[in-house]
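Next come the chains, spelled out residue by residue.
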There are 2 protein chains.
Amino acid sequence: MQDIESIGEDLPLLEGIRTCRHIRRLKPDPVPDALIRKVCEAGTFAPSGGNRQPWIFVAVTDAELRRFIGERYRTHFLEYIAPAQEAAKDPSYPEVKRRNMRAAIYLAEHMSEVPVQLFVAGWKRRGAPQVQALFPAIQNILLACRAVGLGASLTTLHLRFADEVDPRLGLAPDTPSCAMIPIGWPLGHYGRPPRRSVDQVLFFNRVS
Amino acid sequence: MQDIESIGEDLPLLEGIRTCRHIRRLKPDPVPDALIRKVCEAGTFAPSGGNRQPWIFVAVTDAELRRFIGERYRTHFLEYIAPAQEAAKDPSYPEVKRRNMRAAIYLAEHMSEVPVQLFVAGWKRRGAPQVQALFPAIQNILLACRAVGLGASLTTLHLRFADEVDPRLGLAPDTPSCAMIPIGWPLGHYGRPPRRSVDQVLFFNRVS
């Protein structure tokens with residue numbers, strides 16, 4: 001592997017943005033801590049109100065802790081996805097959604113073996129997490145993973161059992177976990193994700 | 001100017017992330033609609049739950065509408081910043097915060113002349129805007145502006161008078177505006193924004 005400082009420095013920004021598909025099929029191989037540090041550093045360059053930088057990143061790499069979180073994730077995810085699985089039996093169910101569902105189920109089934117379960121937590125302000133800063137930081141991390149060749153995706157499903165996770169990560173109630181980014185070397189491929197044309201969602205001066 | 005398709009395609013992703021400082025001093029010169037389309041297209045590649053893509057972008061370029069919004073922004077911003085201005089008279093007030101405040105005041109004073117006031121609105125789900133999708137899209141747009149050489153920043157201050165803005169943009173209550181990105185050619189310079197070290201906010205397995 002290249003040294004950590006130079007890895008990923010060449011990928012053009014706009015190309016990276018256009019091909020930052022969620023990668024939910026990941027190898028169990030370990031990821032160097034220094035590479036996790038590099039992608040989290042990209043997160044710290046996100047904007048935040050008053051430059052408060054309200055983020056905390058907890059990278060879970062310990063096998064036992066990953067198994068604990070992975071088992072609960074699997075249980076809650078399969079419960080969550082059951083209605084959609086039922087709906088997908090209908091032949092008219094869109095194939096692109098069916099593919100995404102299969103990848104998400106694969107991730108849930110293998111969450112315990114994902115080498116890095118990265119949690120993004122944040123300091124509350126006026127009683128609520130400052131998601132306006134956390135989600136730009138998360139997007140920076142996803143893009144940085146794309147640049148260095150790591151697969152990643154974004155999920156908030158762990159919120160269903162965050163009361164069991166946060167105390168184990170040493171996160172107090174004033175800094176709750178808000179999102180989870182499972183990270184590992186990709187089995188799947190990067191590529192342009194399916195999106196509506198910008199011309200359907202961009203208007204000048206007035207929505208028409 | 002280069003043609004729109006090739007402009008900004010060379011900037012490396014990680015370098016762009018590290019130097020995407022907010023630019024609040026902008027020239028009044030117009031920005032081509034096609035360039036606004038290009039940076040908003042970058043926004044559409046953000047992830048969203050169920051790939052719902054709940055975003056709507058409204059680029060305000062009409063001079064009269066910009067003046068209406070600019071005047072209200074100025075009034076509300078100066079009211080909002082007054083306590084901090086008072087606090088900044090204390091010589092111990094951090095100089096970096098004082099600089100940011102000056103830039104934000106400059107933006108408020110000149111908001112009417114900013115060539116593009118880009119509003120990001122979103123479809124509600126379960127009664128609330130889907131900010132977990134909108135803020136990654138916003139971050140993509142800020143990064144894309146950095147890539148093509150446009151100055152931009154993120155503000156939500158317009159929420160104080162959104163009831164006057166949204167109807168004028170044709171935004172119904174089920175698609176409220178959530179953020180505003182003033183965009184123009186930069187007077188200021190890109191550069192590494194001041195941030196705490198990642199080592200202060202990244203933990204492995206447990207916050208210590």
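Here we summarise the structure given alongside this text. (Residues numbered from 1 in each chain as written. Chains lettered and ligands numbered in written order. Predicted model: local features only at pLDDT ≥ 70, side-chain atom pairs only at ≥ 80, totals over all residues. Heavy atoms only, no water.)

Considering the pairing of strand S6 (residues 177-184) of chain B
Residues and elements named next belong to chain B. The element S6 is extensively covered by neighbouring structure, given that eight of its eight residues are classed as buried. As judged from the six bridges shared by strand S2 (residues 116-122) and S6, these two strands associate in the antiparallel manner. Of the residues in S6, the one forming a bridge with phenylalanine 119 is methionine 180. Strand direction decides the pairing type here: strand S5 (residues 151-152) and S6, joined by two bridges, are antiparallel. Bridged to glycine 151 within S6 is glycine 184. (Buried < 20%, exposed > 50% of the residue type's maximum accessible area, 1.4 Å probe, protein only. Helix = DSSP H or I, 4+ residues; strand = E, 2+ residues; numbered from the N terminus. Pairing = 2+ DSSP bridges.)

Points about the sheet that holds strand S5 (residues 151-152) of chain A
Strands sit in the order S5(A)-S6(A)-S2(A)-S1(A)-S7(B) across an open sheet of five strands; the sheet is mixed. Each end of this open sheet is capped by a strand with a single partner; those strands are S5 of chain A together with strand S7 (202-204) of chain B. For strand S1 (residues 55-60) of chain A and S7(B), the ladder comprises three bridges, and the chain directions are parallel. Bridging across to S7(B), A:Phe57 finds its partner in B:Leu202. On the sheet, helix H2 (residues 33-44) of chain A packs against S1, strand S2 (116-122) and strand S6 (177-184) of chain A together with S7 of chain B and is oriented at approximately 160° with respect to S1(A). (Contact = heavy atoms within 4.5 Å. Axes fitted to C-alpha atoms, helices over the stretch in contact; angles between N-to-C directions.)

Here's the deal with the side chain of A:Asn205
Tracing the backbone shows A:Asn205 in the segment after strand S7 (202-204). A distance of 2.8 Å separates a polar side-chain atom of A:Asn205 from the backbone nitrogen of B:Thr61. A distance of 2.9 Å separates a polar atom in the side chain of A:Asn205 from the backbone nitrogen of B:Asp62. Ignoring any residue separated from it by four or fewer positions in sequence, one finds A:Asn205 in contact with B:Val58, B:Ala59, B:Val60, B:Thr61, B:Asp62, B:Leu65, B:Arg168 and B:Leu169. (Polar contact = N/O pair within 3.5 Å; in protein donor to acceptor, adjacent residues only side chain to side chain.)

Overview of the packing of aromatic side chains
Applying the stated criterion to the full structure yields four aromatic pairs over all chains. Judged by centre distance (5.8 Å) and plane angle (50°), the rings of B:Phe77 and B:Tyr80 are tilted. Taken together, the residues B:Phe77 and B:Tyr80, both in helix H3 (residues 63-87) and three residues apart, mark about one turn of the helix. Taking the relative accessible area as the measure of exposure, B:Phe77 reaches 5% and is therefore buried. Here B:Tyr80 falls in the partly exposed class, since its relative accessible area comes to 43%. Between A:Arg25 and the ring centre of A:Tyr106, over which it is positioned, the NZ or CZ distance is 5.2 Å. A cation sits over an aromatic face here: A:Arg168 above A:Phe68, 3.8 Å from the ring centre. (Phe/Tyr/Trp six-rings, centres within 6.5 Å; stacked < 30°, edge-to-face > 60°. Lys NZ or Arg CZ within 6 Å of the ring centre and 35° of its normal.)

Brief notes about helix H2 (residues 33-43) of chain B
Counting buried positions along H2(B) yields eight of 11 residues, so the element is predominantly enclosed. Among the residues of H2(B), B:Leu35, B:Ile36, B:Lys38, B:Val39, B:Cys40, B:Glu41, B:Ala42 and B:Gly43 are the ones counted as buried. Against helix H1 (13-18) and S7 of chain A together with strand S1 (55-60), S2, helix H5 (131-148) and S6 of chain B lie the buried residues of H2(B).

Notes on unusual backbone geometry
All names here are of chain A. Even without a glycine there, the phi angle at arginine 126 is positive, about 50°. Checked against the element boundaries, arginine 126 lands in the loop between strand S3 (124-125) and strand S4 (128-129). A residue is classified by how much of its surface remains accessible, and arginine 126, at 75% relative accessible area, is exposed.

What about the interface of chain A and chain B?
By convention, interface size is frequently given as the accessible area that disappears when the constituent parts associate. Counting residues at the interface gives 67 residues for chain A, matched by 67 residues for chain B. For the pair chain A and chain B, the two sides together bury roughly 6,100 Å², of which 58% comes from carbon and sulfur. Here chain A is connected to chain B by six salt bridges. The salt bridge partner of B:Arg18 is A:Glu9, with a shortest N-O separation of 2.7 Å. The interface formed by chain A and chain B includes 40 residue pairs in polar contact (both at pLDDT 80 or more). Looking at the side of chain A that touches chain B, the elements that each hand over two or more residues are H1, H2, S1, helix H5 (131-148) and S7 of chain A. At 11 residues, the largest contribution of residues to the side of chain A that touches chain B is made by H5(A). (Buried area = accessible area lost by both parts, 1.4 Å probe. Salt bridge = Lys/Arg side-chain N within 4 Å of Asp/Glu carboxyl O.)

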